[in-house]
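Observations on the three-dimensional arrangement
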Amino acid sequence: DQQVKQNSPSLSVQEGRISILNCDYTNSMFDYFLWYKKYPAEGPTFLISISSIKDKNEDGRFTVFLNKSAKHLSLHIVPSQPGDSAVYFCAASALWSGGTSYGKLTFGQGTILTVHP
Amino acid sequence: DTGVSQNPRHKITKRGQNVTFRCDPISEHNRLYWYRQTLGQGPEFLTYFQNEAQLEKSRLLSDRFSAERPKGSFSTLEIQRTEQGDSAMYLCASSLGVGSIYEQYFGPGTRLTVT
């Protein structure tokens, strides 16, 4: 079963506008969430994370929002830049609530973001 | 060393051959993970090491797969009697795992093609 889902395979936005990438999860044990960016022929690059005790975390142009009741998180990129064009993965972990704290990540399928100049 | 490195970057092998991949984590990171990624999917967890101890293995890791992390430094992932279904990108990640620092940092991956 797909415990982490990114239902939009792709997203296209204009430079300078906001990009909103969405992610849904089903496992209530997940308590730590991360977003990664991936360029072709490279490994995923960590962007931003949030623990379940928070509902928002900001880092520069990137903000992650967590809605625990809806089991939904989103990544906002403002303003979007052409260099942001990549595949974005949402990932989740049962870091503290899973009985062990191994921190293995469960990933969504990814969303391809294209930012047009 | 500023990141996770993996070697080789590409491996083409014939079905039935054995292959071994190496991962060098960020030096102070005691946690090391292996993931596998196929086309159009996100990475899937394979196995986890804390220092030299292998603490968790996914059911994806069949008997043909074995991983080691001697002395808690670099790690190797071996696939015996490769099958075409093993073709994928194999990713290694490491993390510090203390305080609030649980982010995993990934290497560039090893792309395996089994012909």
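Throughout what follows, the structure given in this document is the object of discussion. Not measured: the values here are computed from a predicted model.

1. Notes on the overall build of chain B
- Tallying secondary structure elements over chain B gives zero helices and eleven strands in all.
- Reading chain B from its N terminus to its C terminus gives the helix and strand order β-β-β-β-β-β-β-β-β-β-β.
- On C-alpha atoms alone, chain B measures out to a radius of gyration of 14 Å, which is about the 13 Å that the 2.2 N^0.38 rule sets for 115 residues.
- A principal-axis box enclosing the C-alpha atoms of chain B has dimensions of 45 × 25 × 25 Å.
- Counted over contacts in chain B with a minimum sequence separation of 6, partners at least 24 positions apart contribute 53%.
- As displayed, chain B offers around 5,800 Å² of accessible surface, 45% of which is attributable to carbon and sulfur atoms.
- In chain B, 14 positive and 12 negative side-chain charges are present, and the distance between their average locations comes to 7 Å.

2. What about the nonpolar core?
- Counting residues in hydrophobic clusters, the biggest one holds 23 residues, and the most contacted among them are F33, W35, L73, L75 and Y88 of chain A.
- Among the secondary structure elements, those contributing two or more residues to this core are β3 (19–25), β4 (32–38), β5 (45–51), β7 (62–67), β8 (72–77), β9 (86–93) and β11 (111–116) of chain A.
- If one sorts the elements of this core by residue count, β9 of chain A sits on top with four residues.
- Each residue touching Y88 of chain A, except ones within four places of it in the same chain, is listed here: Q6, L21, W35, Y36, K37, L47, L75, I77, G110, T111 and L113 of chain A.
- Of all hydrophobic cores here, the second largest spans 19 residues; its members include F21, L32, W34 and A88 of chain B.

3. What about the interface of chain B and chain A?
- If you look at the interface, chain B gives 22 residues, while chain A gives 21 residues.
- Considering only the side of chain B, the residues that lose the most area to chain A are Y102, E103 and F106 of chain B, jointly responsible for 27% of the buried surface there.
- Run the count over chain B and chain A and you get one salt bridge.
- Salt-bridge contacts for E56 of chain B lead to K104 of chain A; the nearest nitrogen and oxygen are separated by 2.6 Å.
- Elements with a minimum of two residues in the side of chain B that touches chain A: β4 (31–37), β5 (44–50), β6 (53–57) and β10 (105–106) of chain B.
- Tallied by class, the residues present in the side of chain B that touches chain A amount to eleven nonpolar, seven polar and four charged.

4. Quick notes on the pairing of strand β3 (residues 19–24) of chain B
Residues and elements named next belong to chain B.
- By the alternation rule, side chains of β3 split into V19, F21 and C23, which are all buried, and T20, R22 and D24, of which none is buried.
- In the sheet, strand β1 (residues 5–7) pairs with β3 via three bridges, with the strands oriented antiparallel. Following the sheet pairing, S5 is matched in β3 by D24.
- Sheet topology note: the β3/strand β8 (residues 75–79) ladder contains five bridges and is antiparallel. Bridge assignment links C23 to a residue of β8, and that residue is S75.

5. Here's the deal with the sheet that holds β1 of chain B
Residues and elements named next belong to chain B.
- Here we have four strands laid out as an open sheet, ordered β1-β3-β8-β7, and antiparallel in their pairing. A single partner strand is all that each edge strand has here, and the edge strands are β1 and β7 (65–68). Between one strand and the next, the sheet's axes are offset by a mean angle of 15°, whatever the strand orientation.

6. Regarding the sheet that holds β7 of chain A
Residues and elements named next belong to chain A.
- On the basis of which strands lie adjacent, the open sheet formed by five strands has the order β1-β3-β8-β7-β6 and antiparallel pairing. Of all strands in the sheet, those bounded by a partner on one side alone are β1 (4–5) and β6 (56–59).
- With two bridges connecting them, β1 and β3 associate as antiparallel partners. Note that in β3 the partner of V4 across the bridge is Y25.

7. Considerations on the packing of aromatic side chains
- Inspection of every chain in the model, using the stated rule, returns 14 aromatic pairs over all chains.
- Note on F89 of chain A and F107 of chain A: the rings are 6.2 Å apart at their centroids and 85° apart in plane angle, and the pair reads as edge-to-face. Taken together, the residues F89 of chain A in strand β9 and F107 of chain A in strand β10 (residues 106–107) connect sequence positions 18 residues apart. Neither F89 of chain A nor F107 of chain A differs from the other in exposure class; each is buried.
- Taken together through their ring pairs, the aromatic side chains of Y36, F46, F89 and F107 of chain A together with Y33, Y35, F45, Y48, Y105 and F106 of chain B make up a single cluster.
- The lysine or arginine in question, R22 of chain B, covers the ring of F74 of chain B, its NZ or CZ lying 3.9 Å from the ring centre.

So, how was this worked out
- Residues numbered from 1 in each chain as written.
- Chains lettered and ligands numbered in written order.
- Predicted model: local features only at pLDDT ≥ 70, side-chain atom pairs only at ≥ 80, totals over all residues.
- Heavy atoms only, no water.
- Helix = DSSP H or I, 4+ residues; strand = E, 2+ residues; numbered from the N terminus.
- Rg over C-alpha atoms; globule rule 2.2 N^0.38 Å.
- Contact = heavy atoms within 4.5 Å.
- Areas by Shrake-Rupley, 256 points an atom, 1.4 Å probe, with all protein chains shown as cover.
- Lys, Arg positive; Asp, Glu negative; His and termini not counted.
- Charge placed at Lys NZ, Arg CZ, Asp CG, Glu CD.
- Core = buried A, V, L, I, M, F, W, Y, C linked by side-chain atoms within 4.5 Å.
- Buried < 20%, exposed > 50% of the residue type's maximum accessible area, 1.4 Å probe, protein only.
- Buried area = accessible area lost by both parts, 1.4 Å probe.
- Salt bridge = Lys/Arg side-chain N within 4 Å of Asp/Glu carboxyl O.
- Nonpolar A, V, L, I, M, F, W, Y, C, P; charged D, E, K, R; others polar.
- Pairing = 2+ DSSP bridges.
- Axes fitted to C-alpha atoms, helices over the stretch in contact; angles between N-to-C directions.
- Phe/Tyr/Trp six-rings, centres within 6.5 Å; stacked < 30°, edge-to-face > 60°.
- Lys NZ or Arg CZ within 6 Å of the ring centre and 35° of its normal.

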